[in-house]
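Listed below, chain by chain, are the residues.
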Amino acid sequence: MAGLSLVLYATVSSGLEPGEGEGVPGAALAVVAVAMALPLGWARRWPWPVLAALLAESAAAVALGAWAEQIWPLFLAADLLVGYLTGTGTGTGTGMGPRRAGSVAAAVTTAVQEMALQADLFRDGGWNRVFAPGFLALSALLALLVLCAWLAGMWARQRREYGEALRARTAAEAVTAERLRIARELHDMVAHSIGVIAIQAGAGSRVLDSRPEQARSTLDAIETTSRETLHGLRNMLDVLRRTEPETVESMAATPFAGLADLDRLIATTASAGVRVAVRWRGERRPLPTAVDQSAFRIVQESVTNVVRHAGTRHCRVLIDYRQDELRVETVDDGDHGDHEDGGNTGDGGAPAEGSGYGITGMRERVALLGGRFSAGPRPEGGFRVAARLPLPAEAPLPAEAR
């Protein structure tokens, strides 16, 4: 507002003809300039009334005998307000939508400014002056300035809307990714334990009368497995229920299973009647946490499928440390048949309708790490699950090692 007052004072005083301003004190011109610029102070709060006031001042000044070159700062201020209205989409109290509001403001501003300019030109020299080539170009320039302000406002508005849409999409994708991560963790945590419990319960029921001691040991194993699963679920739910800032730190500190826990997995699987032979190849070294956890979950889900569907007593697991990747392979010679994960779902495949989420979860884990995954029946019989997880040049030490 102060800047517009100063510029108006300068243009009004400099545009007076010799002798025309005699008797008019400079203080009076300053008051007039401040009064004309005063509405601009409420431009952010009431942009439409302020624009109407600026246009009315322009028309009134020309009607009272002012020259267009004396009030051109009002034209420029109105143009800037058109850009602001277009960029913010302000249409409150006008009954217009955000996009239409900017167009209407630009059209009205152009019409009023052109009428003020043409009235000034006609008063000074009639139609000859109005249609003079130089003044026709000036009229076009006046309209072009309004158009530029409108285009700048549209660009700012579209940029803001795109940013909002991008942030909303990013937030939705983050929520979806988190839901999938939780679903994978719950599936991997529960599926193996429930499969083992189901196998042990079936075996215990068959020997309950003939061999009660074996049935008792089976029940003990079921109790132990159930308690471990319940403890893991409580820890995860406790972390998910927290809303304080320390939630992220708690999740980072939560110990998730890795390849170091394979012995416990093998023992649990053995109690369900399936022996797992693990073969290590290459130089064993610390792995990135994400790779370590994903490799363990892949082995766990593969072994769970063997326990639940293969109908065999043993399977083989290969952990191969390469220079640039970690290879994980689980092979069995059972007859999986048509179970939830038994179809051929190699690279790029998808589970059939009604299938489970085991292989889907494994594929998602591998894809998040940029690796390759395949799963399907072997020509010689049985089922094979293979994953190749890329490793960085220098794998960072896990938190426990640090």
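What you see is a predicted model; the values in this text were computed from it and never measured.

> Residues and numbers for a nonpolar patch on the surface, please.
Where nonpolar side chains cluster on the molecular surface, the patch consists of Leu 138, Leu 141, Leu 144, Leu 145, Leu 147 and Leu 151 and spans about 500 Å² of accessible area. Classification of Leu 151 as partly exposed rests on a relative accessible area of 45%.

> Could you give an account of helix α10 (residues 289-310), with specific residues and numbers?
Between its terminal C-alpha atoms α10 stretches 30 Å, which fits the 32 Å expected from 22 residues at 1.5 Å a residue. Among the 22 residues of α10, 17 are classified as buried, and the element is accordingly described as predominantly covered. Gly 311, located one to two residues past α10, shows a positive phi value of around 70°.

> Explain the pattern of salt bridges to me, using residue names and the numbers behind them.
Under the definition given, this model contains 10 salt bridges. Among the salt bridges present, the one from Arg 169 reaches Glu 173, with a minimum N-O distance of 3.2 Å. Of this pair, Arg 169 and Glu 173 are both found in helix α6 (residues 133-206), four residues apart, which corresponds to roughly one turn of the helix. Salt bridges here are not isolated pairs; linked through shared partners, they connect Arg 281, Asp 320 and Arg 322.

> Any details on the sheet that holds strand β3 (residues 325-332)? Residues and values, ideally.
The sheet built from five strands is open, its strands ordered β1-β2-β3-β5-β4 with mixed pairing. A single partner strand is all that each edge strand has here, and the edge strands are β1 (275-281) and β4 (372-377). Pairs of neighbouring strands in the sheet enclose a mean axial angle of 10°, with direction left out of account. Pairing between β3 and strand β5 (residues 383-390): eight bridges, direction antiparallel. Looking across to β5, one finds that Glu 329 is bridged to Ala 386. Against the sheet, helix α9 (residues 262-271) touches β1 and β2 (314-321), its axis set at about 155° to β1. Running at roughly 155° to β4, helix α11 (residues 358-368) makes contact with β4 and β5 of the sheet.

> Outline the packing of helix α3 (residues 47-63) against helix α4 (residues 72-88), listing residues and values.
Two numbers describe a pair of packed helices, the interaxial angle and the distance between the axes. Taken N-terminus to C-terminus, the directions of α3 and α4 make an angle of 155°; their axes are 10 Å apart at the nearest point. For the element pair α3 / α4, the angle class is roughly antiparallel. In the packing of α3 onto α4, the handedness of the crossing is left-handed. Counting all contacts with α3, which are made through Pro 47, Trp 48, Val 50, Leu 51, Leu 54, Leu 55, Glu 57 and Ser 58, the residues of α4 involved are Leu 74, Phe 75, Ala 77, Ala 78, Leu 81, Val 82, Tyr 84 and Leu 85. Looking at the contact of α3 with α4 residue by residue, the class counts come to 14 nonpolar, one polar and one charged.

> Can you break down α9 residue by residue, with the values?
Within the span of α9, buried status applies to Leu 262, Leu 265, Thr 268 and Thr 269. What you see down the axis of α9 is that its buried residues fit within an arc of 125°, all on one side. Trailing α9 by a residue or two, Gly 273 shows a phi angle of about 95°, which is positive.

What counts as what
Residues numbered from 1 in each chain as written. Predicted model: local features only at pLDDT ≥ 70, side-chain atom pairs only at ≥ 80, totals over all residues. Heavy atoms only, no water. Patch = residues over 30% accessible without salt bridge, like charges linked within 9 Å, V, L, I, M, F, W, Y side chains within 5 Å. Areas by Shrake-Rupley, 256 points an atom, 1.4 Å probe, with all protein chains shown as cover. Salt bridge = Lys/Arg side-chain N within 4 Å of Asp/Glu carboxyl O. Buried < 20%, exposed > 50% of the residue type's maximum accessible area, 1.4 Å probe, protein only. Helix = DSSP H or I, 4+ residues; strand = E, 2+ residues; numbered from the N terminus. Expected span 1.5 Å × (residues − 1). Pairing = 2+ DSSP bridges. Axes fitted to C-alpha atoms, helices over the stretch in contact; angles between N-to-C directions. Contact = heavy atoms within 4.5 Å. Parallel < 35°, antiparallel > 145°, perpendicular 65-115°, else oblique. Left-handed = near helix turned anticlockwise from the far one by under 90°. Nonpolar A, V, L, I, M, F, W, Y, C, P; charged D, E, K, R; others polar. Arc of directions from axis to C-beta.

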